[in-house]
Amino acid sequence: MLSRARPASTAPRRWLILLLSALMAAAALTAVAPATTAQAAELPGTIIDGGYIISDAEFYRSGSMTEAQIQTFLNSKVPTCASGATCLKTYRGDIEAQSKDSYCAGATAEKGVTAARMIYRASIACQINPKVIIVMLQKEQGLVTSTKPSAWNFEHAMGQNCPDTADGCSAASAGFWKQVYLGARQMQIYTKYPTSFSYRAGQYNTIKWDPSSSCGSSKVYIKNQATANLYNYTPYRPNVAALAAGWGLGDACSTYGNRNFYNYYVAWFAPDASTSTGAPAQISACTKPAAADVATRTQTAKVNVDALNARTAPTTLCGSGIRSLSRGTAVDVEGVYGAWSQIAVGSATLWVVSDYLTVDSTSGDGAPAVTGCAQPAKVTSASGTAVVTVSSLNARTAPSTDCSTGVRSITKGQKYTRTGTYGEWWRLSVGGTAMWAHSDYLALETPSTPSTPSAPPAEAAGVRSAGVGDLNGDKTSDVLAVRKDGRLLLYPGDGRGKWRASSTPVPGWGTATLVPLGDFTGDGRPDIAARRSDGSLWLYRGAGSGTFASPVRIGTGWGSFTALIGGIDFDGDGHTDLIARNRAGYLTLYRGDGKGGWVSERRPVIGSGWRSFSALFAATDFDGDGRPDLIARKTDGTLWLYRMSGTGSWLGARKIGTGWGSFTSVFSPGDFNGDGHSDVLARKRNGELWLYRGNGSGGWSGWSAVGWGWNGMVQIH
């Protein structure tokens, strides 16, 4: 197990060196782009909530750079080494043989190889992205940009088994090759045994701001394994002051390891991920911490210096709204955040450095700021009746297993009104009191069927597939997305509600509208279409391997339609068709011939009154009756299931959800989590992608976040 006394940024022997290297590197952060750059969805736009730093797909993408590309990148970071010095780009050493184990494939010995060679071989053997290794080398020792690194820097390259003591690294881990290989291997150890380490994905974790216990800690919902790996390696969260500082220093409770990981990774490999005009992780200087990160206090105190600046945010970088408090001024302390106290001054809430206050020892609680029962800053409003699914479940006063104040036991079959959500926790009304319970042990009661509007007329129906289908031939549902820069990306599902590494199946997609077609050509593989700005429609025949054949034009005059829905065998002839909605709200059926073209007979109008829907998409058998369905979202945010007979008529419609208007994209990928039921994916305005799991009977079995950073996409299917 890795021994990490503290991150590089708080080590007394490396602290100033790394800060200076970061500041110098910031002036030359333009990357020499490798062949495959990280996509924006694989890095979040900000790390202020602490729960998501890098996606799993990006973290484990071991083939992202070749050995030659790694060498070219290292060359670009240091054009010229200092006189007589060995830089990372010119370093050579021996690869000692490593045995194959359950974490890495092992390595054969080699003499006199470059650092690029070592990084490449370790990344392939341990299935870790070489970019991750490169960034770790930089954040730990500044090796990538240093013009004169020391032998000590190379020996401690990744900080693997290298506590900040005079003894240095353990003999088994010292040396550049061992550091790189064993550091990458450690990431796989975290991955294969996630419950054996302190920080775990999919739950709230207590994470310190700094090694000093006096700085307190916060509750962080770690959203994925890669982020958990980084916290297990460097177990501190950057605070508001560290983030506001960009590349620089924050305050006495600031740490920089995970901040700098994000800064370097985005600057070098994913420049589109962050919208910050400074360092990628940088936030506004007067950003206030989330309420959940502030430990509640009820204390009185007096200023113990001649003049004390009270600020609107807990960082000296915040210069707006400053008030000066004189010695002896009495204040009410309402909260603590690291080295800062939140105080009430008249009607204003301000921040001061805690060291400059003398707290009345008879008031409140002076314990370190641990926020186990703090309430989250933002709760998503929710409704419905929650049913307990386990024999006994703890309901807590805050969404954290570390909150033990006022715990109540609720039992299987009991029902409670759900009023909100925070991550995977649901807020329930228990005896009139707001309590929190984890959604893994709850289910929503299926609502009674409301009165339904009359269904549009139809000829016949038969959904052949939902979403874009299985594009790479691995028998799992995939997702296609178009970025703001016009790149089309394939995100393969793993069949269990997670993702595999992304790829670019069609270069130069541009602004064309993406239309999933199902198997339009009759070869057993799903196809897609592109509607271009001139109204022409182009068929991309799927190869079944995650790529497509060159496009073929299959129509003109399609520019007037406001929605195109493919993947439906509407007339029951065994071939997939396309439904088009015009501006007046009429649906027209375009019958496919099963060969990539159209049946030239009449094209009937199959519905009217569809203008009020802001999203229309095909779903496989969503209600479990053996027949295909269509899901539609109205402009009032309600979600409706339109059931098809499969033989030329509708079987009615019913409401299956409310509050869906806040999502910027809604679609069905088919069965995304491998339980045999059709699901729905929905993107929130903040870029989070949520999986709503269908229960196979027209309702929901639960939901969870499956992605972050998706607000960089203009189309998702």
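Here the residue numbers are simple positions, counted from 1 along each chain's written sequence. Only residues with pLDDT of at least 70 are given local features in this predicted model, and only at 80 or more are side-chain atom pairs given and counted; all residues enter the totals for whole chains, interfaces and linings. In computing side-chain values, all of the structure's heavy atoms are included and hydrogens and water are not.

**Focus: the overall build of the chain**
Put simply, the test is: Each helix is a run of H or I in the DSSP string that is no shorter than four residues. Each strand is a run of E no shorter than two, and both are numbered from the N terminus. Buried, partly exposed and exposed residues are distinguished by accessible area as a fraction of the type maximum, computed with a 1.4 Å probe on protein chains only: under 20%, between the cut-offs, and over 50%, respectively. Any two residues whose heavy atoms approach within 4.5 Å at even a single point are treated as in contact. Surface exposure here means Shrake-Rupley accessible area, sampled with a 1.4 Å probe, where a residue is shielded only by the protein chains that are shown.
When its secondary structure is counted, the chain shows ten helices and 38 strands. Each of the 717 residues in the chain was classed as buried or not, and the buried ones make up 57%. Put simply, of all contacts in the chain between residues at least 6 apart along the chain, 55% involve residues at least 24 apart. Surface accessibility of the chain: about 27900 Å² in total, with carbon and sulfur atoms responsible for 49%.

**What about the state of the cysteines?**
Put plainly, two cysteines are in a disulfide when a covalent bond ties their sulfur atoms together. Selection rule: To count as a disulfide, a pair of cysteine sulfur atoms needs to be within 2.5 Å.
Applying the stated criterion to the full structure yields four disulfides. Put simply, Cys81 and Cys87 are joined by a disulfide, and their sulfur atoms are 2.2 Å apart. Residue Cys81 is classed as buried on the basis of its relative accessible area of 17%. Residue pairing for Cys286: its cysteine sulfur links by disulfide to Cys318, the two sulfurs lying 2.0 Å apart. What sets the handedness of the Cys286 and Cys318 disulfide is the S-S torsion sign, and at about 100 degrees it is right-handed. Placement of Cys286 in the loop between α10 (257–269) and β5 (295–303) and of Cys318 in the loop between β6 (307–310) and β7 (323–326) is noted, with a sequence separation of 32 residues between them.

**Considerations on helix α3 (residues 67–77)**
Two residues of an α-helix separated by three or four positions point the same way, owing to the 3.6 residues in each turn. Just so we agree on the cut-off: The arc refers to the directions leading from the helix axis to the C-beta atoms.
The set of residues buried in α3 consists of Ile70, Gln71, Phe73, Leu74 and Lys77. In an axial view of α3, the angular spread of the buried residues amounts to 160 degrees, which keeps them on one side of the axis. On its buried face, α3 is in contact with β2 (110–114), α4 (115–126), α5 (130–141) and α10.

**Side note on unusual backbone geometry**
Phi at Gln127 is positive, roughly 55 degrees, even though this residue is not glycine. Mapped onto the elements of the fold, Gln127 is located in the loop between α4 and α5. Classification of Gln127 as partly exposed rests on a relative accessible area of 40%. In this model, Lys475 sits at a positive phi of 70 degrees, which is unusual for a non-glycine residue. Of the residues examined, Lys475 reaches a relative accessible area of 77% and is grouped as exposed.

**Points about the side chain of Asn224**
The criterion, for reference: As used in this structure description, the phrase polar contact means that two N or O atoms lie within 3.5 Å; if the pair is within protein, one of them must be able to donate a hydrogen and the other to accept it, and residues adjacent in sequence are counted only when both atoms belong to side chains.
The topology assignment puts Asn224 in the loop between β4 (217–222) and α8 (225–233). The exposure class assigned to Asn224 is buried, which follows from its relative accessible area of 7%. A polar side-chain atom of Asn224 sits 3.0 Å from a polar atom in the side chain of Asp56. The residues touching Asn224, leaving out its near neighbours within four places in the chain, are Gly51, Tyr52, Ile54, Ser55, Asp56 and Ala201.

**Observations concerning the sheet that holds strand β35 (residues 679–683)**
Defined as follows: In this scheme, strands are said to pair when DSSP sees at least two bridges between them. To get an axis, a line is fitted to the C-alpha atoms, and for a helix only the part in contact is used. The angle between two axes follows their N-to-C directions and goes from 0 to 180 degrees.
With antiparallel pairing, four strands are arranged side by side in an open sheet as β34-β35-β36-β37. Both edges of this open sheet fall to β34 (665–670) and β37 (700–707), since each of them pairs with a single strand only. Averaged over all pairs of adjacent strands, the angle between strand axes in this sheet comes to 25 degrees, irrespective of strand direction. By the bridge criterion, six bridges tie strand β36 (residues 689–694) to β37 in an arrangement that is antiparallel. Pairing of Gly694 across the sheet is with Trp700, part of β37.

**Observations concerning α4**
Selection criterion: Given a helix with a known number of residues, its expected span is that number minus one, times 1.5 Å.
The end-to-end C-alpha separation of α4 is 16 Å, in line with the 16 Å expected for twelve residues at 1.5 Å each. Within α4, nine of the twelve residues are buried, which leaves the element mostly enclosed by the surrounding structure. The complete set of buried residues in α4 reads Ala115, Ala116, Met118, Ile119, Arg121, Ala122, Ser123, Ala125 and Cys126. The elements touched by buried residues of α4 are α3, β1 (92–95), β2, α5 and α7 (176–192). Positive phi appears at Gln127, one or two residues downstream of α4, with a value of about 55 degrees.

**Section: the pattern of salt bridges**
Note the threshold: Just to be clear on terms, a salt bridge is a Lys or Arg side-chain nitrogen sitting within 4 Å of an Asp or Glu carboxyl oxygen.
Taken as a whole and judged by the stated rule, the model has 24 salt bridges. Between Arg117 and Glu67 there is a salt bridge, with the nearest N and O atoms lying 3.0 Å from each other. Taken as a pair, Arg117 in helix α4 and Glu67 in helix α3 lie far apart in primary sequence, 50 residues in all. Judged by its relative accessible area of 28%, Glu67 falls in the partly exposed class. Across the pair Arg496 and Asp494 runs a salt bridge whose closest N-O atoms are separated by 3.6 Å. The class for Arg496 is exposed, based on a relative accessible area of 65%. Taken together, the shared-partner salt bridges connect Asp49, Lys223, Lys684 and Glu688 into one network.

**With respect to the packing of aromatic side chains**
Here is the rule: For Phe, Tyr and Trp, where Trp contributes only its six-membered ring, two rings pair if their centres lie within 6.5 Å, and the inter-plane angle classes them as stacked under 30 degrees, edge-to-face over 60, or tilted in between.
Counted under the stated rule, the structure contains 40 aromatic pairs. Taking 5.6 Å as the distance between ring centres and 55 degrees as the angle between the ring planes, the aromatic pair formed by Trp558 and Phe561 counts as tilted. Take Trp558 and Phe561: they sit in the same class, and that class is buried. Judged by centre distance (6.0 Å) and plane angle (80 degrees), the ring pair of Phe561 and Tyr590 falls under edge-to-face. With a gap of 29 residues between them, Phe561 in the loop between β25 (552–555) and β26 (563–568) and Tyr590 in strand β28 (residues 587–590) connect regions that are remote in the sequence.

**Notes on the sheet that holds β26**
The strands that make up a sheet pair up through hydrogen bonds in the backbone, lying either parallel or antiparallel. The strand order across the open sheet built from four strands is β26-β27-β28-β29, with neighbouring strands paired in antiparallel fashion. Each end of this open sheet is capped by a strand with a single partner; those strands are β26 and β29 (605–607). Taking the axes of each pair of neighbouring strands and ignoring which way they run, one obtains an average angle of 30 degrees across the sheet. Relative to strand β27 (residues 577–581), β26 is paired through four bridges, and the arrangement is antiparallel. Residue Leu564 lies in a different strand from β27, and its bridge partner there is Ala580.

**Looking at the side chain of Ser668**
Mapping Ser668 onto the fold places it in strand β34. Overall, Ser668 belongs to the buried group, its relative accessible area being 1%. Of the polar contacts made by the side chain of Ser668, one reaches the backbone nitrogen of Gly670; its length is 3.2 Å. Here Ser678 takes part through its side chain, which lies 3.4 Å from a polar atom of the side chain of Ser668.

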